[in-house]
Amino acid sequence: INRKLFGETQPVIIATSKWIESEAKRSLLGKQCRIEMIYDWIDMDTFYPRINNRIREKYSITTSKIILSVSTMWNKEKGLQEVFSLAESLSNCTIIMVGHQPSDMQYPPNVITIEFTDSKEELAELYSAADVFFNPSKQETFGLVSGEALSCGTPLVVYNTTACPEFVTEYTGIIMEKDEDIVAAVSAAFELSDKYGREFIRSKCVEFAKLNFDMERNIEKYLSLFRNS
């Protein structure tokens with residue numbers, strides 16, 4: 001940090017997750033800067049539970065359970081094989097994959113692929129229709145799609161790496177280790193709704209999202225830092 005640029009003012013760095021905050025405090029920046037954590041915000045005027053949505057009818061889904069995964073680009077690094085393993089092991093479920101797909105792939109019959117969409121309305125309907133949102137990413141500085149899924153009332157299954165597990169509570173999903181059985185983890189997420197009721201789990205997911213990703217609340221946190229710096 002160039003002190004000539006800042007004078008006596010201590011620079012403030014905003015971390016968008018607790019994991020980033022921890023890493024920054026352990027680095028050289030933590031000795032020279034003030035580190036604050038403020039989550040990114042979610043557009044909750046768009047991402048909210050769509051109870052009566054058209055996804056099942058649109059894609060002719062007849063299975064009782066839907067698992068959704070969203071990625072800008074699907075490949076091995078983004079968890080393509082993990083999603084395939086789910087589809088093969090949970091043939092009684094429908095897997096929806098949103099994102100650019102490899103052109104030479106053959107998909108199991110219970111997989112629906114949707115090209116990446118910029119339509120927030122369509123994404124909100126997809127999140128809302130899913131019983132579980134599976135995020136196979138192992139590198140997240142925040143986890144936008146996980147936050148959007150929670151805002152739509154859908155519990156998560158995430159890996160216990162980087163910022164991925166920060167959005168999971170007793171009621172909002174399941175955290176799994178890298179070598180854990182993903183089928184068992186997704187089944188455990190289904191059991192949350194079976195145990196507590198889908199409406200209860202939905203309400204807990206939305207509650208968590210509002211507490212952590214509300215735009216006005218988080219913007220006010222930024223403004224408070226500016227006022228007090």
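Please refer to the structure placed before this passage.
Residues numbered from 1 in each chain as written. Predicted model: local features only at pLDDT ≥ 70, side-chain atom pairs only at ≥ 80, totals over all residues. Heavy atoms only, no water.

Caption draft 1: Just the pairing of strand 6 (residues 132-135), in detail. Side-chain alternation along strand 6 places Val132 and Phe134 on one buried face and Phe133 and Asn135 on a second face that is also buried. Sheet topology note: the strand 6/strand 7 (residues 156-159) ladder contains three bridges and is parallel. Bridge assignment links Asn135 to a residue of strand 7, and that residue is Val158. Each parallel crossover has a hand, and the one from strand 6 via helix 7 (residues 144-151) to strand 7 is right-handed. (Buried < 20%, exposed > 50% of the residue type's maximum accessible area, 1.4 Å probe, protein only. Helix = DSSP H or I, 4+ residues; strand = E, 2+ residues; numbered from the N terminus. Pairing = 2+ DSSP bridges. Right-handed = clockwise from strand over helix to strand, strands pointing away.)

Caption draft 2: Examining helix 9 (residues 198-213) more closely. Compared with the 22 Å implied by 1.5 Å per residue over 16 residues, the 22 Å span of helix 9 between its first and last C-alpha is a close match. Where helix 9 is buried, its residues contact helix 7, helix 8 (182-196) and helix 10 (215-228). (Expected span 1.5 Å × (residues − 1). Contact = heavy atoms within 4.5 Å.)

Caption draft 3: Broad picture of the pairing of strand 3 (residues 65-73). Burial analysis of strand 3 places seven of its nine residues in the buried class, which makes it a mostly covered element. As for the winding sense of the linkage, the β-α-β connection from strand 3 through helix 5 (residues 80-89) to strand 4 (residues 93-100) is right-handed. Pairing of strand 3 with strand 6 involves two bridges; the strand directions are parallel. Across the sheet, the residue bridging to Ile67 is Val132, located in strand 6.

Caption draft 4: A look at the packing of helix 7 against helix 9. Running from amino to carboxyl end, helix 7 crosses helix 9 at an angle of 125 degrees, the nearest separation of the two axes being 7 Å. When the axis of helix 7 is compared with that of helix 9, the two are oblique. Side by side, helix 7 and helix 9 meet where Gly147, Leu150 and Ser151 of the first sit next to Cys205, Val206, Phe208, Ala209 and Phe213 of the second. Here the residues of the contact of helix 7 with helix 9 are counted per class, giving six nonpolar, two polar and no charged. (Axes fitted to C-alpha atoms, helices over the stretch in contact; angles between N-to-C directions. Parallel < 35°, antiparallel > 145°, perpendicular 65-115°, else oblique. Nonpolar A, V, L, I, M, F, W, Y, C, P; charged D, E, K, R; others polar.)

Caption draft 5: Focus on unusual backbone geometry. For Ser60, which is not glycine, the phi dihedral falls at a positive 50 degrees. Mapping Ser60 onto the fold places it in the loop between helix 4 (55-58) and strand 3. Here the phi dihedral of Thr162 falls at roughly 45 degrees; this positive angle occurs in a residue that is not glycine. Tracing the backbone shows Thr162 in the loop between strand 7 and strand 8 (173-176).

Caption draft 6: View of the sheet that holds strand 3. Read across the open sheet, the six strands follow the order 5-4-3-6-7-8; overall the sheet is parallel. What marks the edges here is a single partner per strand, and that holds for strand 5 (111-114) and strand 8. The average undirected angle you get between the axes of adjacent strands in this sheet is 20 degrees. Of the pairings in the sheet, the one linking strand 3 to strand 4 comprises seven bridges and is parallel in character. Bridging from a neighbouring strand, Ile67 pairs with Ile95 of strand 4.

Caption draft 7: Local environment of the packing of aromatic side chains. Counting across every chain of the model gives 15 aromatic pairs. For the pair Tyr39 and Phe213, a centre-to-centre distance of 5.6 Å together with 75 degrees between the ring planes defines the contact as edge-to-face. Placement of the pair is Tyr39 in the loop between strand 2 (34-37) and helix 4 and Phe213 in helix 9, with a sequence separation of 174 residues. Of the two residues, Tyr39 and Phe213, neither departs from the other in class, the shared state being buried. For the pair Phe208 and Phe213, a centre-to-centre distance of 6.0 Å together with 70 degrees between the ring planes defines the contact as edge-to-face. Here Phe208 and Phe213 have matching classes, each one buried. Every member of this aromatic cluster is reached through a ring pair, and the members are Tyr39, Phe142, Phe167, Phe208 and Phe213. A cation over a ring is seen here: Arg50 above Tyr48, with NZ or CZ 4.1 Å from the ring centre. Here the guanidinium or amino end of Lys138 rests over the ring plane of Tyr159, the centre of that ring lying 4.4 Å away. (Phe/Tyr/Trp six-rings, centres within 6.5 Å; stacked < 30°, edge-to-face > 60°. Lys NZ or Arg CZ within 6 Å of the ring centre and 35° of its normal.)

Caption draft 8: Broad picture of the packing of helix 9 against helix 10. At a minimum axis separation of 6 Å, helix 9 and helix 10 run at an interaxial angle of 25 degrees. When the axis of helix 9 is compared with that of helix 10, the two are roughly parallel. Of the residues in helix 10, those in contact with Lys210, Leu211, Asn212 and Phe213 of helix 9 are Met215, Arg217 and Asn218. Here the residues of the contact of helix 9 with helix 10 are counted per class, giving three nonpolar, two polar and two charged.

In short, shape yes, function no, at least from these values alone.
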